[in-house]
Amino acid sequence: MDTVTTLVLGFISIVVVNNLVLTKFLGICPYLGVSGRIDMAFGMGLAVTFVVTLSGTLTWLIDHLILMGTPFEVTRYVCFIMVIAGAVQLVEMYLRKFFPSLYDSFGIFLPLITTNCAILGLCLFINLWGIDNLAEAVVLSFGAGIGFTMAICIMAGIRENLNLANVPENLQGAPITLITAGLLSLAFMGFAGMIR
Amino acid sequence: MILAGIYELWQSSWPAGVIMLGLGGSFALVLLIASEKLKVEEDPKIAQIHEALPGLDCGGCGYAGCGQYAKAVSQNPELIGRCAPGGKKTADKIASILNLQISDSGAPKKPIVHCRAHTEDKTFYGDYRGITTCTAANALASVQACNFGCLGFGDCTRVCRFDAIHIVDGLAMVDYEKCTGCGACAKACPRGLIEMVPFTYENMMTVACRNKEKGKVTRSMCKVGCIGCKLCSKVSDVFTVEDNLARVDYGRYKPDEANEKARGKCPTGVIILAGKGAPAQQEAKAGKAKASSG
């Protein structure tokens, strides 16, 4: 396979087949917390996409240029978390300056991107899958963000309609949300094994 | 032995520390530059005002939350006094933060529901089985006979942050002990039945009906509607009857004898007292007679 095919397949794989939220169950906190309204969900998806692209690329560089080959590969987690925290700080400052209303509506969920396990998960997956060229790492990181945005937007769309549905009283609120999330990931399990 | 172990550990691990320091330092540098470039100047008064507010984020002031209101009020002091849950205390605090003197903002406003028909008082043409919100039901012309009265699906209950308004037998009733007067229910009611009234006294007299149909039509729809008979306006000048509907001039209302007499004269008992510990509503005279005869 030539490089372009690998990149395209990698992208499709991380967005649909190996979607971090729906098949790896990472990043559930913002997935359930910020999926109440579709515009906020989209904003959150974009913020996560930015952070995950930046940190995925940077961690690949750090991993390959500094850590690999030295006995300090064990410090990978700490380094990765540091990169992610730094990227989130950048996004926070940027949003506060240029999109104050979005900044206000995110509230606590914006700094919580730091602890979004989808991002750390992706950085570690890149290492685990043995991705050894930069272009592929960038495409995978970006695709992971797009996949997260897609998942959270689908969820927000469903939940907006769920507000008008006649849900049995004992299932209202969190239970029906979790059931919806389960059904959604069940649907995405249908893609399993298509690529890689 | 132990010392040697520790020394060995130090020997093999100090480069890791150097790497971490190097990475941390470079990120700190990037963030330092970014924080200088992307600095947001914020008035320290905004934070002070935010602290003085109750922090309930009820939205009664017309802003999305206390943070937004604090920002708005710091720029435009005319907005002082919009915070209903905080009341006069909060308004005074904000004024002192902004170095302003404010005059008395008047009596606190509380909601009054302009309907007193429970399910058994209303007339229905059919059985509504649609979406159970007032906004949805209101779109349907014939959901109940009275096109002015409370629908009883609880849009107001859902928006109330303080558990202060409830649907009791198909009628929204305000719990004045818990009500903070934020006005969220008044905005939520699709029929505009809930009015924010300045409570100059503990209990305010009001006409709990909005039906503008002629008396005979109103009677056919509802046992406790205002039929526009003008008995009240003849006894007390606080009452005015317009479009077959009595109204109270809240600014001139006093809990005096004439008003009490007017309340006693009302044939459908639609003139009620609202407020903390208001006396029980009287039964409709004519309505009750009709119900027992037919």
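Please refer to the structure higher up on the page.
The notes below deal with the structure included here. (Residues numbered from 1 in each chain as written. Chains lettered and ligands numbered in written order. Predicted model: local features only at pLDDT ≥ 70, side-chain atom pairs only at ≥ 80, totals over all residues.)

**A word on the overall build of chain A**
At step 1: Along the backbone of chain A there are eight helices and zero strands.
At step 2: Across chain A, helices and strands are ordered from the amino to the carboxyl terminus as α-α-α-α-α-α-α-α.
At step 3: Counting over 196 residues, chain A shows a buried share of 38%.
At step 4: Counting contacts in chain A only where the partners sit at least 6 residues apart, residues at least 24 apart contribute 81% of the total. (Helix = DSSP H or I, 4+ residues; strand = E, 2+ residues; numbered from the N terminus. Buried ≥ 20, exposed ≤ 12 C-beta atoms within 10 Å, placed from the backbone. Contact = placed C-beta atoms within 7 Å.)

**So, the nonpolar core**
At step 1: Residues B:Val113 and B:Cys185 are the most contacted members of the largest nonpolar core, which totals 65 residues.
At step 2: Those residues in contact with B:Val113 that sit more than four places away from it in its chain are B:Cys150, B:Ala172, B:Met173, B:Val174, B:Leu193, B:Ile194 and B:Ala208.
At step 3: In this structure, A:Tyr31, A:Leu67, A:Cys79 and A:Ile146 belong to the second largest nonpolar core, which totals 52 residues. (Core = buried A, V, L, I, M, F, W, Y, C linked by C-beta atoms within 7 Å.)

**A closer look at the environment of B:Lys230**
Residue and element names in this part refer to chain B.
At step 1: In this structure, lysine 230 sits in the loop between α8 (215-221) and α9 (231-235).
At step 2: Assessed through the 14 C-beta atoms surrounding it within 10 Å, lysine 230 is described here as partly exposed.
At step 3: Separated by 12 residues in sequence, lysine 230 and glutamate 242 place their C-alpha atoms 9.3 Å apart.

**What about the environment of B:Thr268?**
All names here are of chain B.
At step 1: Mapped onto the elements of the fold, threonine 268 is located in the loop between α10 (257-265) and β8 (271-275).
At step 2: Overall, the presence of 26 C-beta atoms within 10 Å leaves threonine 268 in the buried class.
At step 3: Measuring from C-alpha to C-alpha, the distance between threonine 268 and glycine 225 comes to 6.5 Å, with 43 residues separating the pair along the chain.

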